[in-house]
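Each chain, letter by letter, is given below.
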Amino acid sequence: MAISLGSIADDYTGASDLANTLTKNGLRTVQTVGIPDPSLALPDVDAVVVSLKIRSVPASEAVNAATEAERWLRQQGAGHVLYKICSTFDSTDAGNIGPVTEALSEAAGGGGVLVTPAFPETGRTVYLGHLFVGGQPLNESPLKDHPLNPMHDANLVRILARQSRGAVGLIDLAAIAAGPAAVKVKLDALSTTGVTMAIADAIFERDLETLGEIALETPVSTGASGLGLGLARALVRSGRISASATGEDAIRPVGGLSAIISGSCSKATLRQLDVAERLMPVLRLDPERLLAAGPDEIAAAISWAGDRISAGPVVVAASAAPGTVSRLQSQYGREASGHAIETATSIIAAELVERGVRRLVVAGGETSGAAVDRLAIPAFLIGPEIAPGVPVLRTVGNTQGDMLLALKSGNFGGEDFFTAALAMMR
Ligand SMILES: Nc1ncnc2c1ncn2[C@@H]1O[C@H](COP(=O)(O)OP(=O)(O)O)[C@@H](O)[C@H]1O
Ligand SMILES: O=C(O)[C@@H](O)C(=O)COP(=O)(O)O
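Rules of the game
- Here the residue index of a chain counts from 1 through its sequence in written order.
- Chains and ligands are labelled sequentially in the order written, the chains with letters from A and the ligands with numbers from 1.
- Whole-chain, interface and lining totals are the exception, using all residues; otherwise, since this is a predicted model, local features are given only for residues with pLDDT of at least 70 and side-chain atom pairs are given and counted only at 80 or more.
- The side-chain figures draw on all heavy atoms in the structure; neither hydrogens nor water molecules are used.
- UniProt positions are given in the numbering used here, feature names are shortened, and annotations may be inferred rather than shown by experiment.
- When a residue's accessible area, from a 1.4 Å probe over protein chains only, is under 20% of the maximum for its type it is buried; when over 50% it is exposed; and in between it is partly exposed.
- Put simply, DSSP H or I for four residues or longer makes a helix, DSSP E for two residues or longer makes a strand, and each gets a number counted from the N terminus.
- Strands were regarded as paired on the criterion that DSSP finds at least two bridges between them.
- Here, proximity means that at least one heavy atom of the residue falls within 4 Å of the molecule or strand.
- The definition of a polar contact used here is a pair of N or O atoms within 3.5 Å, where within protein one atom must be able to donate a hydrogen and the other to accept one, and adjacent residues in sequence count solely through side-chain atom pairs.
- Surface accessibility follows the Shrake-Rupley procedure with a 1.4 Å probe radius. Residue values consider only the protein chains on display as shielding.
- A 1.4 Å probe that fits but cannot get out identifies a cavity on a 1 Å grid over protein atoms alone, an open set with protein on both sides within 12 Å along at least five of seven lines counts as a pocket, and a residue lines either if it has an atom within 4 Å of a point.
- In this description, a molecule resides in a pocket or cavity if more than half of its atoms sit within 2 Å of the grid points defining it.
- Three residue categories are used. Nonpolar comprises Ala, Val, Leu, Ile, Met, Phe, Trp, Tyr, Cys and Pro, charged comprises Asp, Glu, Lys and Arg, and polar comprises the others, including Gly.
- An automatic or database domain assignment provides the domain bounds reported here.
- Grid points are joined across faces, edges and corners, and a volume is the space filled by probe spheres set on the points.
- Definition used for salt bridges: Asp or Glu carboxyl oxygen within 4 Å of a side-chain nitrogen of Lys or Arg.
- Contact definition: two residues touch when any of their heavy atoms are within 4.5 Å.
- Buried area: the accessible surface (1.4 Å probe) lost by two parts on joining, summed over both.

As annotated in an unreviewed UniProt entry, the protein chain is 3-oxo-tetronate kinase from Rhizobium croatiense. The heading Sequence similarities (unreviewed entry) in the UniProt record of the protein chain holds the text "Belongs to the four-carbon acid sugar kinase family." Per UniProt, the protein chain carries the Function (unreviewed entry) text "Catalyzes the ATP-dependent phosphorylation of 3-oxo-tetronate to 3-oxo-tetronate 4-phosphate."

## Side note on the pairing of strand S15 (residues 357-363)
Among the seven residues of S15, six are classified as buried, and the element is accordingly described as predominantly covered. As defined by bridge partners, strand S12 (residues 257-262) adjoins S15 across six bridges and the pair is classed as parallel. For Ser 258, the partnering residue across the bridge sits in S15 and is Arg 359. As defined by bridge partners, S15 adjoins strand S18 (residues 404-408) across five bridges and the pair is classed as parallel. The residue bridging Ala 363 from the neighbouring strand is Lys 408, located in S18.

## Structural notes on the site of ligand 2
The environment of ligand 2 is formed by 13 residues, the closest being Thr 13, Asp 17, Arg 55, Lys 84 and Ser 87. Separating an oxygen atom of ligand 2 from a side-chain N or O atom of Thr 13 is a distance of 2.6 Å. A distance of 2.5 Å is found between an oxygen atom of ligand 2 and a side-chain nitrogen or oxygen belonging to Ser 87. About the coverage of ligand 2: the protein hides 95% of its 350 Å² of free accessible area. When atom positions are compared with the pocket grids, ligand 2 is found to occupy the largest cavity. Ranked by residue count, the leading element in the shell around ligand 2 is helix H1 (residues 12-24), at three residues. Grouping the amino acids of the shell around ligand 2 by side-chain chemistry returns three nonpolar, six polar and four charged. When we break the shell around ligand 2 down by domain, the ones giving at least three residues each are domain 1 (5-238) and domain 2 (248-424).

## Describing the site of ligand 1
Around ligand 1, the structure places 21 residues, and the nearest of them are His 146, Ser 264, Ser 266, Glu 342 and Thr 367. Between ligand 1 and Ala 318 there is a distance of 3.0 Å, counted from a nitrogen atom to a backbone nitrogen or oxygen. Taking Glu 366, its main chain carries an N or O atom lying 2.8 Å from an oxygen atom of ligand 1. Its free accessible area being 570 Å², ligand 1 has 96% of it covered by the protein chains.

## Let's talk about empty space enclosed by the protein
On inspection of all chains with the given rule, the structure shows one cavity of 30 Å³ or more. Its boundaries defined by the atoms lining it, the largest cavity holds a volume of some 570 Å³. In terms of lining residues, the largest cavity is bounded by 39 residues, among which His 146, Pro 147, Gly 263, Ser 264 and Cys 265 are the most central. Residue assignment for the lining of the largest cavity shows that the elements contributing at least two residues are H1, helix H12 (322-332), helix H13 (334-354) and helix H14 (365-375). Residue composition of the lining of the largest cavity, by class: eleven nonpolar, 19 polar and nine charged.

## Things to note about the pattern of salt bridges
Per the counting criterion, the structure on display carries 24 salt bridges. For the salt bridge of Lys 24 with Glu 121, the shortest nitrogen-to-oxygen distance reads 3.2 Å. Of the two residues, Lys 24 sits in helix H1 while Glu 121 sits in the loop between strand S5 (113-116) and strand S6 (124-127), which places them 97 residues apart along the sequence. Judged by its relative accessible area of 42%, Lys 24 falls in the partly exposed class. Overall, Glu 121 belongs to the partly exposed group, its relative accessible area being 35%. With a closest N to O distance of 2.9 Å, Arg 74 and Glu 70 form a salt bridge. You can see Arg 74 and its partner Glu 70 sitting in helix H2 (residues 59-75), four residues apart, about one turn around the helix. Classification of Arg 74 as partly exposed rests on a relative accessible area of 23%. Residue Glu 70 is classed as buried on the basis of its relative accessible area of 5%. One salt-bridge network, held together by shared partners, links Asp 10, Asp 11, Arg 55 and Asp 90.

## Considerations on the domain arrangement of the protein chain
Assigned domains of the protein chain: these are domain 1 (5-238) and domain 2 (248-424). Here domain 1 and domain 2 have C-alpha centroids that lie 26 Å from each other. Taken together, the 33 residues of domain 1 in the interface contact 34 residues of domain 2. Both faces considered, domain 1 and domain 2 share a buried interface measuring about 2600 Å² in area, 63% of it formed by carbon and sulfur atoms. A salt bridge links Glu 366 to Lys 53; the shortest N-O distance between them is 3.0 Å. Residue assignment for the side of domain 1 that touches domain 2 shows that the elements contributing at least two residues are H1 and strand S2 (29-33).

Below, the structure written as structure tokens:
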């Protein structure tokens, strides 16, 4: 298997979002969970997205995991490696977008790296280096209240500079509108002044097509699904790939029971949970009790779900509104509470799979990572799209047999997402 495009995703929902975009643009794509064991038979594909859980870990840990994945992807033939970050630039001043991008670039011999989280299909646009989420600057959007990485600045040049060793520049919309050659001139000019990473504006898909063409000439880029779209279309346009992927094969029915687990506290998820409450049993976990009396609260949730699940899908959610989240965090600490809740939701997910769940929706990036790790699923084939950024996933090499999953990024999906997902997972 020689692949054309490699990607390292900093979380598992982000990986499935990118894999979805690559598939929609014709690339046969597989999503692996970490670097796959050599014994895992992967299908013949154009692109591999390696899912890592490195968005909220110490920067040195993220750098080590990403550089190891980069080495593996190069061994599979990848000429270009995209570091998939969140379209809302989720990170802190300690990292990890800057440190990982610099390490990947150094591993590939250096040179200027294009960086853009723009993903117009989901309302993420970048203008003069400022990220907008829908109509709001990042720091006024719901991301200001994110439980792990609250975003208080919309200026990506500034944010990236705070977490990086090298200088950060800007390739503005005027250069991008002038076409690939102008972008190349600008990137080269920035590199000669010592800039190692350049935030690129992008508002429309055509901007990302321009960026994708230039990124493909370099060994490494950093971005969200929008840049993935640009790279995929550039590969197809160049004739290196024949645009044959459809995703239909991945959606064959698996049967079994179905469940939804949520640890996302994003505004979209909170609304989706309210809507689900009218349609199916929803258990709201008590996060305070989860932290104080962990195993008892987990056992009670498993028993509640076990009593209902044979009659239809159930939802178990730790999710809470910003005020509740910050009260819990001030008592137990941000990382400790996030980690304890992820552990609890992943144990509940695994227990439900033990009891026959084969169709599983997980809401939240970190939450999905913890659940997929506990289930020890090695890889996914990419099925059709449920909502922008969220495909149906079919397990590859899973010891519990074939399962269908949807890993929903917190901010993605319409208010009926959960029922829409289950309707596509038979
Ligand atoms: N009630 C709660 N209070 C505090 N933290 C919570 C609560 N519920 C979930 N969390 C934590 O919030 C984080 C949400 O992150 P994530 O799963 O990535 O969701 P999203 O995709 O919305 O960003 C996780 O670490 C999760 O364990
Ligand atoms: O790029 C995006 O917005 C998503 O792919 C993503 O990474 C979202 O992160 P989570 O909300 O933490 O799932």
